Amino acid sequence: WTPSRQLLMATRQGSLLTFDGFTGHVLHAVQAERPITSIAVTDNFIATAHLGNTIRFWKFRSEGLPTPEEGSAMLQQMPPMEGGFEEDKSQLFSLDRVADLEAISA
């Protein structure tokens, strides 16, 4: 759950879906580069753990969420999560940093 009451859910196919916590409507959908195995949420950041021992830290923007209709339409053609809201105002996430645990342990 995000501080603004959205539920984040990852799928085995690498999708990250944002749901309205009150209505259950899909508000946003993106495709991650690799499947997400875990999600942690703070007030300002989201951390996603991925297959391949990588953790990605994202800035999260909750204002200006798409309408349920726009969110449902995103399910048909999901943009890449890595796009970032600096370039694409429809994005909720912007990659801040990556921790490659394989490289650290080698």
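Every value quoted in this text rests on a predicted model; they were computed, and no experiment measured them.

The next subject is the overall build of the chain. Of the regular secondary structure elements, the chain holds two helices and seven strands. Ordered by position from N to C terminus, the α and β elements of the chain give β-β-β-β-β-β-α-β-α. Here the C-alpha radius of gyration of the chain, 13 Å, is about what a compact globule of 106 residues would show, namely 13 Å. Considered along the principal axes of its C-alpha atoms, the chain spans approximately 45 × 30 × 25 Å. When burial is assessed residue by residue, the chain has 36% of its 106 residues classed as buried. In the chain, of all internal contacts separated by at least 6 residues, the share reaching a separation of at least 24 is 52%. Split by element, the accessible area of the chain, about 6,100 Å² in all, is 54% carbon and sulfur. Distance between charge centroids for the chain: 4 Å, based on 8 positive and 13 negative side chains.

On to the side chain of Q6, then. Relative to the elements of secondary structure, Q6 occurs in strand β1 (residues 6-10). Classification of Q6 as buried rests on a relative accessible area of 7%.

With that settled, the discussion passes to the sheet that holds strand β3 (residues 26-31). Judged by pairing direction, the sheet is antiparallel, and its three strands sit side by side in the order β1-β2-β3 without closing on themselves. In the strand order of this sheet, the two ends are held by β1 and β3, each with one partner. Each neighbouring strand pair of the sheet contributes to a mean axis angle of 15°, computed without reference to strand direction.

So, on to the confidence of the model for the chain. Across the chain, the average pLDDT comes to 84, with 97% of residues at 70 or higher. When mean pLDDT is compared element by element in the chain, strand β4 (residues 36-41) scores highest at 92, while helix α2 (residues 101-105) scores lowest at 74.

In this structure, L8, L16, V30, A32, I36, I46, W58, F60, M81, L92 and F93 together form the largest nonpolar core, which totals eleven residues. Excluding residues within four positions of it along the chain, W58 makes contact with N44, F45, I46, T48, M81, E82, F93, S94, L95 and D96. Grouped together as the second largest cluster of nonpolar side chains are five residues, L17, F19, V26 and M74 included.

The next subject is unusual backbone geometry. Most peptide bonds are trans, and most residues other than glycine sit at a negative phi. One non-glycine residue, N53, lies in the positive phi region at around 60°. Residue position: N53 is located in the loop between β5 (45-50) and β6 (54-60). On the accessibility criterion, N53 (39% relative accessible area) is partly exposed.

Thresholds, definitions, all that
- Residues numbered from 1 in each chain as written.
- Predicted model: local features only at pLDDT ≥ 70, side-chain atom pairs only at ≥ 80, totals over all residues.
- Heavy atoms only, no water.
- Helix = DSSP H or I, 4+ residues; strand = E, 2+ residues; numbered from the N terminus.
- Rg over C-alpha atoms; globule rule 2.2 N^0.38 Å.
- Buried < 20%, exposed > 50% of the residue type's maximum accessible area, 1.4 Å probe, protein only.
- Contact = heavy atoms within 4.5 Å.
- Areas by Shrake-Rupley, 256 points an atom, 1.4 Å probe, with all protein chains shown as cover.
- Lys, Arg positive; Asp, Glu negative; His and termini not counted.
- Charge placed at Lys NZ, Arg CZ, Asp CG, Glu CD.
- Pairing = 2+ DSSP bridges.
- Axes fitted to C-alpha atoms, helices over the stretch in contact; angles between N-to-C directions.
- pLDDT = per-residue confidence, 0-100.
- Core = buried A, V, L, I, M, F, W, Y, C linked by side-chain atoms within 4.5 Å.

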